[in-house]
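# Coordinate analysis (summary)
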Amino acid sequence: MNMKRLGLVITAAVTIVTSGWAQSESMRPLFTRENRFPETGKAEVGIFAGYAQYDEYFVSQIAPKAYEGVYVNKNADPKLKSASLVPYVKYGLLKNLTVYTKVPVSYNKSDAKDKNNTGFNDIAVGAELLAYEYTYKYPWVIPYIEVTFPSGDEKEYMGNGEMDGIFGIAVGTTTFDKYTWILDGRYDANVSDNGRFEGAASFIWDLSDQFSVLAEAKVTEKAPGSPKDVPLYFNGGICYRPIEQLSINIYGGTSANAEENGHGTLKVAYSF
């Protein structure tokens, strides 16, 4: 084999491998879905490590079962502090169809109850379908469904207390090959008596092939019993890929009219 032909073979091989890796890139936003999935027959494994602080009086108003028989003194400004680990697995089941599972574990420290608690949150399984994607990967449409099982302790604010279903659709596009825009709407069937609608938007700026930054926001329907207006959540993050298969993302955010005072999250994902 002459050197020219060998060069062509090597170039083709690198192109194929790089293409496969690119298609297996991990999703970057937390509030929306992005058109980054494992290839068919391949997987992505990862973990979210997070910390959040909540206004415990607010929590007691929107989740009264978790504080049944407990007096929560609003003037004392009690806080619920929660650290969580959420390992997950995604698998490319069919072309454009990905299935996944998440198994969250939390450690909660309650000022109002003066106790600590560790346990599972609600385990989830879901599916995401890349229903439409233009030739150059954008625009795109992703309907998805997620089902959670009541494995968490509702009385410790670690679960919903019943099986839940989430139905959503995300629409996104990329402009100038570096700005990604995503809109995401979903319906959460069992959050309250009549379910809850949520809407979110994300903006991602690719500063290079390896590094990007993002900003996103989410709005939800007002929870029954909430003393405040419509909840708003905000999140910002940086996303870095030191090698093609590995993603490391760091997020931080806060909210308005919501129980959460602030949060921080680390996501590490590996595709193979």
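Residues numbered from 1 in each chain as written. Predicted model: local features only at pLDDT ≥ 70, side-chain atom pairs only at ≥ 80, totals over all residues. Heavy atoms only, no water.

It is worth spelling out the pattern of salt bridges at this point. Counted by the stated rule, this structure contains 18 salt bridges. Between Glu25 and Arg241 there is a salt bridge, with the nearest N and O atoms lying 3.0 Å from each other. With Glu25 in the loop between α1 (3-23) and β1 (43-55) and Arg241 in strand β13 (residues 232-243), this residue pair connects regions lying 216 residues apart in the sequence. Note on accessibility: Glu25 and Arg241 belong to one class, buried. A salt bridge links Lys102 to Glu146, with the nearest nitrogen and oxygen atoms 3.5 Å apart. In this pair, Lys102 is assigned in strand β3 (residues 97-102) and Glu146 in strand β8 (residues 140-149), connecting sequence segments 44 residues apart. Overall, Lys102 belongs to the partly exposed group, its relative accessible area being 25%. Judged by its relative accessible area of 6%, Glu146 falls in the buried class. (Salt bridge = Lys/Arg side-chain N within 4 Å of Asp/Glu carboxyl O. Helix = DSSP H or I, 4+ residues; strand = E, 2+ residues; numbered from the N terminus. Buried < 20%, exposed > 50% of the residue type's maximum accessible area, 1.4 Å probe, protein only.)

With that out of the way, let us pick up the packing of aromatic side chains. In the structure shown here, the tally under the stated rule is nine aromatic pairs. With a centroid separation of 6.0 Å and an interplanar angle of 80 degrees, the aromatic rings of Tyr54 and Tyr157 are classed as edge-to-face. In this pair, Tyr54 is assigned in strand β1 and Tyr157 in the loop between β8 and β9 (164-175), connecting sequence segments 103 residues apart. Tyr54 sits in the buried class, given a relative accessible area of 15%. Between the aromatic rings of Phe176 and Tyr179, the centroid separation amounts to 6.4 Å while the plane-to-plane angle is 80 degrees, which identifies the pairing as edge-to-face. Tyr179 sits in the partly exposed class, given a relative accessible area of 21%. (Phe/Tyr/Trp six-rings, centres within 6.5 Å; stacked < 30°, edge-to-face > 60°.)

Take the pairing of strand β14 (residues 246-256) next. Two strands pair when backbone bridges link them, and β13 and β14 are joined in this way by 10 bridges, in the antiparallel orientation. Looking at the pairing, Tyr233 lines up with Ser255 of β14. Between the antiparallel neighbours β13 and β14 lie two residues. As judged from the eight bridges shared by β14 and strand β15 (residues 260-271), these two strands associate in the antiparallel manner. If you follow Asn249 over to β15, its bridge partner there is Lys267. What sits between β14 and β15 in their antiparallel hairpin is a turn of three residues, with Asn257 showing a positive phi close to 60 degrees. (Pairing = 2+ DSSP bridges.)

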